[in-house]
Amino acid sequence: MRQPISIPQQEAGAVVHPHFHYVDQFQVIVEGGGEIGNHPLAPLTVHFAGACTGYGPIRPGPQGLGYFTFRASADSTGAQFLPAMRDRRRPIKRRYILADPIDPLGVDGLRGLAEPVCECVLAHDDGLAAHMLRLPPGSCLTAPAPAGTAGQSVLVVTGCIRHDGRRLERWSTLFVPADEPALAVDAGEEGAEVLVLAYPKTA
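Predicted model, so just to flag it, every value in this text is computed and none were measured.

Student: Would you mind going over the overall build of the protein chain with me for this structure?
Tutor: Secondary structure summary: the protein chain contains one helix and 15 strands in total. In terms of its C-alpha atoms, the protein chain occupies a principal-axis envelope of roughly 50 × 40 × 30 Å. Per-residue burial for the protein chain yields a buried fraction of 48% across its 203 residues. Considering only residue pairs separated by 6 or more positions, the protein chain has 74% of its internal contacts joining residues 24 or more positions apart. When the accessible area of the protein chain is evaluated, it comes to approximately 10100 Å², of which 52% is carbon and sulfur surface.

Shown next, in the form of structure tokens:
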């Protein structure tokens, strides 16, 4: 029997203080609630912080906060906490985006879809984007192409998909490099909701 995929948790009372990273990153809130800065957090919310962009504090609510963090490249130096590391930020454009929460349809809702749909959560000219793919049982849909981005992180939110002969359950992840073809999403018997996160292309 397969073990369920563990969701990274930030427990109630465990505050992550303001900081930045040297690489672009997405965070996807999937459980619980809380705040980032003065903004409320709830499932399913996509947060993007560009390299050297400060964000936080992240404060979980009483039930804690569960979220995935995605990066297109390794973060070898880790979090740089503010204000102590303020002078170490590189002189690049800073970007912070907190998208509106997404409502998953769930397995029952997917059964009612007549055909697969691709919904845009956010999109920018430099390739930064997030799309939610919703597929009824047994259907297929090609994700937006990764060309023109710095690659894509993929998160299975509902149901399961089949990929390279494997069954990928809920909360499974993939990375699609920018030079590969667009991901063909093949939904399983429950249907699937898949979040596709595209990193902005750097100069």
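Structure's up, so let's keep going.
Student: How should I be thinking about the pattern of salt bridges in this particular structure?
Tutor: Oppositely charged side chains can pair when the atoms bearing their charge come close. All chains considered together, the criterion is met by nine salt bridges. The salt bridge partner of Arg134 is Glu119, with a shortest N-O separation of 3.0 Å. Here Glu119 lies in strand 9 (residues 117-123) and Arg134 lies in strand 10 (residues 129-135), a separation of 15 residues in the sequence. Arg134 is the partner of Glu193 in a salt bridge, and the nearest nitrogen-oxygen pair spans 2.4 Å. One end of the pair, Glu193, is in strand 15 (residues 184-198); the other, Arg134, is in strand 10, with 59 residues separating them in the sequence. In this pair, the class of Glu193 matches that of Arg134, namely buried. When salt bridges that share partners are traced, they join Glu119, Arg134 and Glu193 into one network.

Student: Explain the nonpolar core to me, please; I cannot follow it from the model alone.
Tutor: Considering soluble globular proteins, one finds that nonpolar side chains tend to be buried as a cluster. The biggest cluster of nonpolar side chains holds 22 residues, and the ones touching the most others in it are Val28, Leu155 and Leu195. Residue assignment for this core shows that the elements contributing at least two residues are strand 3 (25-36), strand 5 (45-49), strand 6 (58-70), strand 10, strand 12 (152-163) and strand 15. Considering each element in turn, this core owes the most residues, three residues, to strand 3. Dropping the residues within four chain positions of it, Val28 is found in contact with Leu44, Thr45, Val46, Gly66, Tyr67, Phe68, Phe70, Leu155, Leu195 and Leu197. Leu133, Leu135, Leu141 and Ala187 belong to the second-largest nonpolar core, a separate cluster that totals 16 residues.

Student: Would you explain the side chain of Arg95 in this entry?
Tutor: Tracing the backbone through its elements, the reader meets Arg95 in the loop between strand 7 (80-81) and strand 8 (96-98). According to the relative accessible area criterion, Arg95 is buried, its value standing at 16%. Among the polar contacts made by the side chain of Arg95, one reaches the side chain of Asp126 at a distance of 2.4 Å. Contact partners of Arg95, with chain neighbours within four places excluded, come to Phe48, Ala49, Gly50, Thr53, His124, Asp126, Leu128 and Pro200.

Student: Mind showing me how you'd approach unusual backbone geometry here?
Tutor: In terms of backbone geometry, most residues other than glycine have negative phi values and most peptide bonds are trans. Going from Pro43 to Leu44, the amide bond is cis rather than trans, its omega being -5°. Tracing the backbone through its elements, the reader meets Leu44 in the loop between strand 4 (39-41) and strand 5. With an omega dihedral of 5°, the bond running from Leu82 to Pro83 counts as a cis peptide bond. Structurally, Pro83 can be placed in the loop between strand 7 and strand 8. With phi around 50°, Asp164 is a residue other than glycine that occupies positive phi space. Examined against the element boundaries, Asp164 turns out to sit in the loop between strand 12 and strand 13 (166-168). According to the relative accessible area criterion, Asp164 is exposed, its value standing at 68%.

Student: What is the right way to read the packing of aromatic side chains from this model?
Tutor: Tallied over the entire structure, the rule returns six aromatic pairs. Seen in terms of ring centroids, Phe20 and Tyr22 are 5.5 Å apart; in terms of plane orientation they differ by 90°. Their pairing is edge-to-face. Here Phe20 matches Tyr22 in class, with each residue buried. Both rings, one in Phe68 and one in Phe70, keep their centres 6.1 Å apart while their planes meet at 20°; by these two values the pair is stacked. The two residues Phe68 and Phe70 agree in class, both being buried. The structure contains a cluster of three or more aromatic residues connected by ring pairs, namely Phe26, Phe48, Phe175 and Tyr199.

Calculation criteria
Residues numbered from 1 in each chain as written. Predicted model: local features only at pLDDT ≥ 70, side-chain atom pairs only at ≥ 80, totals over all residues. Heavy atoms only, no water. Helix = DSSP H or I, 4+ residues; strand = E, 2+ residues; numbered from the N terminus. Buried < 20%, exposed > 50% of the residue type's maximum accessible area, 1.4 Å probe, protein only. Contact = heavy atoms within 4.5 Å. Areas by Shrake-Rupley, 256 points an atom, 1.4 Å probe, with all protein chains shown as cover. Salt bridge = Lys/Arg side-chain N within 4 Å of Asp/Glu carboxyl O. Core = buried A, V, L, I, M, F, W, Y, C linked by side-chain atoms within 4.5 Å. Polar contact = N/O pair within 3.5 Å; in protein donor to acceptor, adjacent residues only side chain to side chain. Phe/Tyr/Trp six-rings, centres within 6.5 Å; stacked < 30°, edge-to-face > 60°.

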